[in-house]
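Chain by chain, the residues:
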Amino acid sequence: MSRPSDSSHVLNVEQVLRLHNLTKDVSQFCERQLRVYLDALAPLFRPRRILGDYVEGVGRESATGSIQNLEELKETYRRACGRPVDLSSELSTPIESMSTQLQIFPWEYFWDIASGGKKKRVTVSSPMTWVISYPSPYSFSMFRQVTSGGHERDQNNIRAFVLRACVMSLMFNKLPSLKAVLEGLRYTVEIRKSAELGDVPLVAISAPFPSFRPSDEIVLLASGVSGRNAFEEIIDIDAVRQMIDPLQTQVRGLLDEQLENL
């Protein structure tokens, strides 16, 4: 997960620009890698695996606990439809079929910076963390803009995004092996909620390389130069150099334990 700036990350504009280019290269590499993994795992993300015949599809397909899973989905969807999403919370069945060619979107959030006695709102993206979703008309960024009043609302498109987010979170809750596989590939998985999106559950996957947001002064200057009121976090070089491989740590623990008994 991305981290805010602290005293150990005192950078000037030139350093930030150099790190930004490095961050972009690493982010693109990790995203391509994640894309390959998700494409290979696509069949495991079929909603019918947990919801059975409550999802549209050819032929009958039973799923253990499908009735309870549907009730949990309805409750999650009901909460997600509250403010600021403001949708009808009724969820009818069968649920429409969803493609398992998953979409990947960079994690984003708003950051307010005091400037000249006013507050400037900057959209910050975390290049090492992505939201994964079943395909829908809205990207994560567009959905955030729509719910914050930046674009005209399309209720059907909003519903599609929210429903798919709820189904995706239910998949990871009910099938812990999905998380285990991705974490075995060094990507961490968590279900998050965005401060701007209420109770919409979002599955966020992060590369093993953290990023951080530098000082407000740097963010303000960089976003002003870009003219887009946007900023991308930069890779934490120190944290990368100090990384510990979890598999290596586990194996070393086993070796140490066995060697003590020899």
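Each chain carries its own residue numbering, running from 1 in the written order of its sequence. Local features in this predicted model are restricted to residues whose pLDDT is 70 or higher, and side-chain atom pairs enter the listing and the counts only when it is 80 or higher, whereas totals over whole chains, interfaces and linings include all residues. The basis for every side-chain value is the complete set of non-hydrogen atoms in the structure, without hydrogens or water.

**Q** Talk me through empty space enclosed by the protein; I want residue IDs and the actual numbers.
**A** Each cavity reported here is a set of points on a 1 Å grid over the protein atoms alone in which a 1.4 Å probe fits but cannot get out, each pocket an open set with protein on both sides within 12 Å along at least five of seven lines, and each lining residue one with an atom within 4 Å of a point. Grid points are joined across faces, edges and corners, and a volume is the space filled by probe spheres set on the points. According to the stated counting rule, one finds 1 cavity of 30 Å³ or more in the structure shown. Roughly 30 Å³ of internal volume is contained in the largest cavity. Every residue along the wall of the largest cavity is listed here: V131, I132, S133, F161, A165, P201, L202 and V203. For the lining of the largest cavity, the elements supplying multiple residues, two or more each, are β2 (118-133), α5 (155-174) and β4 (202-206). Nonpolar residues are Ala, Val, Leu, Ile, Met, Phe, Trp, Tyr, Cys and Pro. Charged residues are Asp, Glu, Lys and Arg, and all others, Gly as well, are polar. Residues belonging to the lining of the largest cavity are distributed by class as follows: 7 nonpolar, 1 polar and no charged. Only DSSP runs of H or I reaching four residues or more are called helices, and only runs of E reaching two or more are called strands; each is numbered from the N terminus.

**Q** Tell me about the nonpolar core, and please be specific about residues and values.
**A** Ranked by size, the top nonpolar core spans 67 residues in total, and within it F45, I95, F143, V162, F172 and V200 carry the most contacts. Top contributing element to this core by residue count: α5, with 11 residues. Contacts between residues were defined by any pair of non-hydrogen atoms, one from each residue, lying within 4.5 Å. Ignoring sequence-local partners within four residues, the contact set of F143 consists of V85, Y138, I158, F161, V162, L197 and V200. Here the nonpolar core consists of buried residues drawn from Ala, Val, Leu, Ile, Met, Phe, Trp, Tyr and Cys, with membership extended through side-chain atoms lying within 4.5 Å. Any residue under 20% of the maximum accessible area for its type is buried, any over 50% is exposed, and the rest in between are partly exposed; the area is computed with a 1.4 Å probe on protein chains only.

**Q** Residue-level account of the pattern of salt bridges, with values.
**A** By convention in these notes, a salt bridge is any Lys or Arg side-chain nitrogen within 4 Å of a carboxyl oxygen on Asp or Glu. Under the defined criterion, the tally for this structure stands at 16 salt bridges. Of the charged contacts, one joins D112 and R121 as a salt bridge, the two residues approaching to 2.9 Å between their closest N and O atoms. A salt bridge links E196 to R144; its shortest N-O distance comes to 3.1 Å. Of this pair, E196 sits in the loop between β3 (188-192) and β4 while R144 sits in helix α4 (residues 140-147); the two residues are 52 residues apart in sequence, bridging distant segments of the chain. We classify R144 as buried; its relative accessible area is 2%. Each of R46, R48, D53, R60 and E61 takes part in salt bridges that share partners, so that together they form one network.

**Q** Outline the pairing of β2, listing residues and values.
**A** Extensive coverage of β2 is indicated by the burial of 12 of its 16 residues. Note that strand β1 (residues 103-115) and β2 share 13 bridges and pair antiparallel. Looking at β2, one finds that W107 is bridged to S126. Following β1, the chain reverses through 2 residues before pairing antiparallel with β2; G116 in that reversal takes a positive phi of roughly 60°. Relative to strand β6 (residues 230-232), β2 runs parallel, the two being bridged by 3 bridges. Following the sheet pairing, V124 is matched in β6 by F231. Bridge count for β2 against β4 is 4 bridges, and the pairing is antiparallel. Looking at β4, one finds that I132 is bridged to V203. The rule for pairing is simple: two strands pair if DSSP sees at least two bridges between them.

**Q** Give me the packing of aromatic side chains: which residues, what numbers.
**A** Two aromatic rings, drawn from Phe, Tyr or Trp (for Trp, its six-membered ring), form a pair once their centres lie within 6.5 Å of each other, and the interplanar angle then sorts them: stacked below 30 degrees, edge-to-face above 60, tilted otherwise. Going through the model one piece at a time under the given rule, you end up with 4 aromatic pairs. Where F45 meets F172, the ring centres are 5.8 Å apart and the plane angle is 55°; that geometry is what we call tilted. Linking F45 in the loop between α1 (13-41) and α2 (48-51) with F172 in helix α5, this pair joins segments that are 127 residues apart in sequence. In terms of burial, F45 and F172 fall into one category: buried. The criterion for a charge sitting over a ring is simple: Lys NZ or Arg CZ within 6 Å of the ring centre, and within 35 degrees of the ring normal. Positioned above the aromatic ring of W107 is the side chain of R192, whose terminal nitrogen or guanidinium carbon lies 4.6 Å from the ring centre.

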